[in-house]
Amino acid sequence: MDEMKDQKIKIAITGHVDHGKSTVIGRLLLDSGSLSEDRIEEIEKTAKENNEKVNYAFLLDNLKEEREQGITIDTTQAYLKKKDKEYVLIDSPGHAEFITNMITGSAQADAAILVLDAGEGVCEQTKRHAFILSMLGITQLIVVINKMDTVMNKEAIYQKVKREVLEYLDSFMIDVVYTIPVSAINGENIVSRSSGLNFYKGPVLWEALEALHIKREEKNNTAILPVQDVYDVKGQKIYVGRIEAGKVRSGCELFLPGTGRKLHVERIMKFQENREEYETGDSVGLLLEKSQMLKRGDILCTPGEGILPVRHIRATILWLSKYQLGVGEKITIHCLTQATDCAICQIYRKMNSSDLSIMEDDKCQINELEVCDVEIGLESPLVVSSDLSVLRKIVLIKNKNICGNGLVIQC
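Note that the coordinates shown come from a computational prediction; the quantities given were computed from them, not determined experimentally. (Residues numbered from 1 in each chain as written. Predicted model: local features only at pLDDT ≥ 70, side-chain atom pairs only at ≥ 80, totals over all residues. Heavy atoms only, no water.)

Chemist: An account of the overall build of the chain is requested, with residue identities and associated values reported.
Modeler: Each helix and strand in the chain was counted, giving eight helices and 24 strands. Buried residues in the chain amount to 52% of all 411 residues. By sequence separation, contacts in the chain at least 24 residues apart represent 71% of the contacts at least 6 residues apart. Carbon and sulfur atoms form 46% of the exposed surface of the chain, whose accessible area is close to 19,200 Å². (Helix = DSSP H or I, 4+ residues; strand = E, 2+ residues; numbered from the N terminus. Buried < 20%, exposed > 50% of the residue type's maximum accessible area, 1.4 Å probe, protein only. Contact = heavy atoms within 4.5 Å. Areas by Shrake-Rupley, 256 points an atom, 1.4 Å probe, with all protein chains shown as cover.)

Chemist: Kindly report on the pattern of salt bridges, identifying the contributing residues and their values.
Modeler: A full pass over the atoms with the stated rule returns 14 salt bridges. With a shortest N-O distance of 3.6 Å, Asp232 and Lys237 are connected by a salt bridge. Relative accessible area serves as the criterion here: at 37%, Lys237 is assigned to the partly exposed category. As a salt-bridge pair, Glu379 and Lys330 come within 3.4 Å of each other at their nearest N and O atoms. Residue Glu379 is found in strand E22 (residues 370-384), and its partner Lys330 is found in strand E18 (residues 330-335); the two are separated by 49 residues along the sequence. Accessibility expressed as a relative area gives 54% for Lys330, which makes it exposed. Here the residues in one salt-bridge network are Glu273, Arg275 and Asp282, joined through shared partners. (Salt bridge = Lys/Arg side-chain N within 4 Å of Asp/Glu carboxyl O.)

Chemist: Before we move on, can you summarise a negative patch on the surface with the specific residues and values?
Modeler: A cluster of like negative charges, contributed by Glu37, Asp38, Glu41 and Glu44, occupies part of the molecular surface. Looking at where Glu37 falls in the secondary structure, it is placed in helix H3 (residues 37-49). For Glu37, a relative accessible area of 63% gives the class exposed. (Patch = residues over 30% accessible without salt bridge, like charges linked within 9 Å, V, L, I, M, F, W, Y side chains within 5 Å. Lys, Arg positive; Asp, Glu negative; His and termini not counted. Charge placed at Lys NZ, Arg CZ, Asp CG, Glu CD.)

Chemist: Please provide a residue-by-residue account of the packing of aromatic side chains, values included.
Modeler: The relative placement of two aromatic rings is captured by the distance of their centres and the angle of their planes. Applying the stated criterion to the full structure yields one aromatic pair. Geometrically, the ring pair formed by Tyr158 and Phe199 is tilted, given 5.5 Å between the ring centres and 45° between the ring planes. With Tyr158 in helix H7 (residues 155-169) and Phe199 in the loop between strand E6 (175-181) and helix H8 (205-208), the pair connects residues that are 41 residues apart, well separated along the chain. The exposure class assigned to Tyr158 is buried, which follows from its relative accessible area of 3%. Above the plane of the ring of Tyr348 lies Arg314, whose end atom (NZ or CZ) is 3.9 Å from the centre. (Phe/Tyr/Trp six-rings, centres within 6.5 Å; stacked < 30°, edge-to-face > 60°. Lys NZ or Arg CZ within 6 Å of the ring centre and 35° of its normal.)

Chemist: Can you tell me about the environment of Ala315, naming the residues and giving the values?
Modeler: Secondary-structure assignment places Ala315 in strand E16 (residues 308-319). The exposure class of Ala315 is buried, given its relative accessible area of 0%. Counting along the chain gives 92 residues from Ala315 to Leu407, while the straight-line C-alpha distance between them is 5.5 Å. Residues in contact with Ala315, not counting those within four places in the same chain, are Cys372, Asp373, Val374, Ile376, Ile394, Leu407, Val408 and Ile409.

Chemist: Give me helix H6 (residues 124-135): which residues, what numbers.
Modeler: Look at H6: 17 Å from first C-alpha to last across twelve residues, which is about the 16 Å you get at 1.5 Å a residue. Of all twelve residues in H6, ten are buried; the element is thus mostly enclosed. Those residues of H6 that sit buried are Gln125, Thr126, Arg128, His129, Ala130, Phe131, Ile132, Leu133, Ser134 and Met135. The positive-phi residue at the C-terminal boundary of H6 is Gly137, with phi of around 80°. (Expected span 1.5 Å × (residues − 1).)

Chemist: For the pairing of strand E19 (residues 338-352), give the residues involved together with the corresponding values.
Modeler: Pairing between E18 and E19: six bridges, direction antiparallel. Across the sheet, residue Ile331 finds its bridge partner in E19, namely Cys342. A loop of two residues connects E18 with E19, the two strands running antiparallel in sequence, and Leu336 in this loop sits at a positive phi of about 55°. In this structure, E19 lies alongside E22, joined through nine bridges in antiparallel fashion. Of the residues in E22, the one forming a bridge with Asn352 is Glu370. Of the strand pairs in this sheet, E19 and strand E20 (residues 358-359) are connected by two bridges, and their pairing is antiparallel. (Pairing = 2+ DSSP bridges.)

Chemist: Describe unusual backbone geometry, and please don't skip the residues or the numbers.
Modeler: Within the chain, Asn153 stands out as a residue other than glycine whose phi angle is a positive 55°. Positive phi outside glycine occurs at Asn399, with the angle close to 55°.

Chemist: So what's going on with the side chain of Thr337? Which residues, and what values?
Modeler: With respect to the secondary-structure elements, Thr337 resides in the loop between E18 and E19. In contact with Thr337, not counting residues within four places along its chain, are Pro226, Val227, Gln228, Arg296 and Gly297.

Chemist: Give me the lowdown on the confidence of the model for the chain, citing residues and values where you can.
Modeler: Do not read the predicted coordinates in detail wherever pLDDT is low. Taken as a whole, the chain shows an average pLDDT of 83; of its residues, 84% reach a score of 70 or greater. The weakest mean pLDDT in the chain belongs to helix H1 (residues 3-6) at 41; the strongest belongs to strand E5 (residues 140-146) at 96. Taken together, the stretch residues 1-6 has pLDDT below 50 and engages in twelve contacts with residues farther than four places along the chain or on a different chain. (pLDDT = per-residue confidence, 0-100.)

Here it is, written out as structure tokens:
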């Protein structure tokens, strides 16, 4: 197996606006030697032309509008390698109005880095982003307390912010791997250790990345492969999709939940690869022993508890649209490649997404940035699970736009 591919780890970088996410990533790329000379020269030339210091955030903020406003609007990905691992860094927007992009960018992450400004501490977007990370099933987190230079590198301020953020994160069952004081603008504790922050004895950010690992679906070792498309190749049906959990090998039997149908895998195909076994993250084509009538949205799996098609679910959702969603109003729900129309049948509880305080008012509609526990009625059955993370995540679509996301809590 390709060891480097197996060790590709996706990391979402998030935090409150202006707390320095893009600068942290820019410094990490620059100081680790992950940038080409042409890219470095471009940034230095831009700074010289504008008669200003090098802005490391511009290493990622490529859109013209972003350069003019000095903010991250869309998600941007960057790549770096360390020993036998490859990291994909996903820079996510901090502004409230760009929160849908933040969710889109972080959805496939294995881990996250949450960046805070030492002078400002935990802010509204810090809390909301931490909640979104938990909703996306991300459990590994490195907390970076940035801009220590603006508070004169005082340990007491670092410890205060650290206590505040850890206390908040504790309610989400997120494993905080390290909390690191840094000054990204000065390159301190990013790749090189800072003498000005000598009270901190832990790893710098570059070293801390080694503690992160690829998330795996462990319950019952269940394999899950949603059908994305069906190709007809020389009269043979090839069912293609991405393995979302577990392993699939030639000769194995897969099941179509709720039907009792067993599907024998004659051969697995992947471009420019020839292996007997493939695993989480591999996009493959399946040739089945007998002709089958499968379609996009079908879920193939090995035996596992609680993997059944259902018509009603209870879920926690975060509504992102400025348009209200009323009880009984038709929208579309997606889970992996599955989709069907649905409606909210009942709202059990509403919360403020920035502090998770309970909201006792109006349970007839959901407003922007509210978190709700709801019952959802499905027009057609979906295969979901309250135990397996890849089958817990749902996305809500209204007028062809992503308007909400959530997690199944009961089915």
